[in-house]
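Observations on chain architecture
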Amino acid sequence: MKNKKTNIKIKRSKVNLYSKRKNKRKQVITIVITVVAACALGVLGFGLGKPLVEFFNSRNNSTGSSESAWTPPSSEEVSSESVIPSSSEESSEVPVEPVRKMTDVYFLPDDAALSSASLNSALAAAKAAGVETVAVTLKNDTGNFLYKSEIKGLDTHNIITGTLTAEQICKAITDAGFIPAAKISTLKDRLCGYKDATDGGYRITGSGYTWHDDREEKGGKPWLSPFKSQTLQFMGEITAELSAAGFKNIIAVNTMYPKFHKEDISTYLSDLPLSDNKSRQDALWNVVESAKAGAERNGAELWIEVAGENVVAQNRLCTDAELCGSADKLAEVKLIVDYTPTASASEAYTLAKTFAEKLKTALGDAEFYVVIKGGYSEAALSDIKKAFSETKIAVFGQ
């Protein structure tokens, strides 16, 4: 057979292969020249930079005593000596140390702040416990201020009993190596509600007389009312004063109502909406928000402490967990939940696990931490912590 001829079309490219190779060589040469030039400039800059900096430094030092530095309008006078920042600094301002957040809580004895001796003794015990955060009571549930407060109206009824200022107490805790936290009782207060103090107490309807609870003490004791603007202002003043003193964590306790009787609600305090659960909760949250605003004025964080048994109870009225009925408000704060079991060590795990599950159901998506209160054996404490860990609840301290 004869081979059949096949016509083959040859496509001609317009690209010059020789010029393409030439362009590649040109790019390589350009890159090499650029790198060499950059290195040369770097060496030259380093060599000239140091003499120039030394020259300007010596010039500034020689003229600093006779020339005054420029001062921005409406600002305080600054030093005439200038400091040349390094290349890694964007300004000559001293960096502010970040605020240390609470990681756990060790509660000092209630009277720890009354004097330097009692405070130092309590801090020594805290060091032995190996904790990071120390909470000191600065306003107790009697209404006493355990530090020298400057708030107006507290010079009556022996309200101020402390000998140290809030700044001194905060500094002592910080110098000891701890994160300082201040604990204050809010509405449970037997002293500050009188008219010649803050005028924030309950008043009997139509008479103007101070209302008292039915405690065993003769005549009962007054409370601060969350419905009064004086109380709201008072809470903000306390937290603002403590945050200004250096406390960056403030724990508010006893944000609650006294145990009212039917006659209190229907007669003695009939001008207040004590039968309306929403109004009651709103009033309690007004106290929290005022305290929070005062704390945040100087960069502090407000925490709300509540008793765990009250949180999981069916009836929260007149307990410190009554404000937990508002899920929306709970999302705006952080809670410390006290857990104080009374059962034997053999039941520690079971009871803690049951409580933890109830607590998660009661608080939902709220941010909360558990503090274990009471003395336990190492084994029982380990079982309790295990129960909370399994339920994904953080134990904040004990």
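Right above here is the structure, for reference.
Figured I'd write up the structure that's included with this text. (Residues numbered from 1 in each chain as written. Predicted model: local features only at pLDDT ≥ 70, side-chain atom pairs only at ≥ 80, totals over all residues. Heavy atoms only, no water.)

Here we take up helix 6 (residues 277–296). For helix 6, spanning 20 residues, the distance from its first C-alpha to its last is 28 Å, which sits close to the expected 28 Å at 1.5 Å a residue. For helix 6, every residue scored as buried is listed here: Arg 280, Gln 281, Ala 283, Leu 284, Trp 285, Val 287, Val 288, Ser 290, Ala 291, Gly 294 and Ala 295. Close packing links the buried residues of helix 6 with helix 4 (229–244), strand 4 (249–253), strand 5 (301–307) and helix 8 (327–330). If you check the start of helix 6, you find a side-chain oxygen 3.1 Å away from the backbone N of Lys 278, and it comes from Asp 276. (Helix = DSSP H or I, 4+ residues; strand = E, 2+ residues; numbered from the N terminus. Expected span 1.5 Å × (residues − 1). Buried < 20%, exposed > 50% of the residue type's maximum accessible area, 1.4 Å probe, protein only. Contact = heavy atoms within 4.5 Å. Polar contact = N/O pair within 3.5 Å; in protein donor to acceptor, adjacent residues only side chain to side chain.)

We now examine helix 10 (residues 378–390). With 13 residues, helix 10 should cover 18 Å at 1.5 Å per step; its first-to-last C-alpha distance of 18 Å lies within 8% of that length. The complete set of buried residues in helix 10 reads Ala 380, Leu 381, Ile 384, Ala 387 and Phe 388. Along the axis of helix 10, the buried positions cluster into a sector of 120°, meaning they face one direction only. Turned more than 90 degrees away from the buried face of helix 10 sit Glu 378, Ala 379 and Ser 389, all of them exposed. Elements in contact with the buried residues of helix 10: strand 6 (334–339), helix 9 (348–363), strand 7 (367–372) and strand 8 (395–397). Following helix 10 by one or two positions, Lys 392 has its phi on the positive side, about 60°. (Arc of directions from axis to C-beta.)

A few words now on the packing of aromatic side chains. The relative placement of two aromatic rings is captured by the distance of their centres and the angle of their planes. The full count for this structure, using the stated rule, is 13 aromatic pairs. Each residue in the set Tyr 202, Trp 211, Phe 227, Tyr 257 and Phe 260 is aromatic and connected to the rest through ring pairs, giving one cluster. Sitting over the ring of Tyr 257, Arg 280 keeps its end group 4.6 Å from the ring centre. Sitting above the plane of the Tyr 349 ring, Lys 386 keeps its charged end 5.7 Å from the centroid. (Phe/Tyr/Trp six-rings, centres within 6.5 Å; stacked < 30°, edge-to-face > 60°. Lys NZ or Arg CZ within 6 Å of the ring centre and 35° of its normal.)

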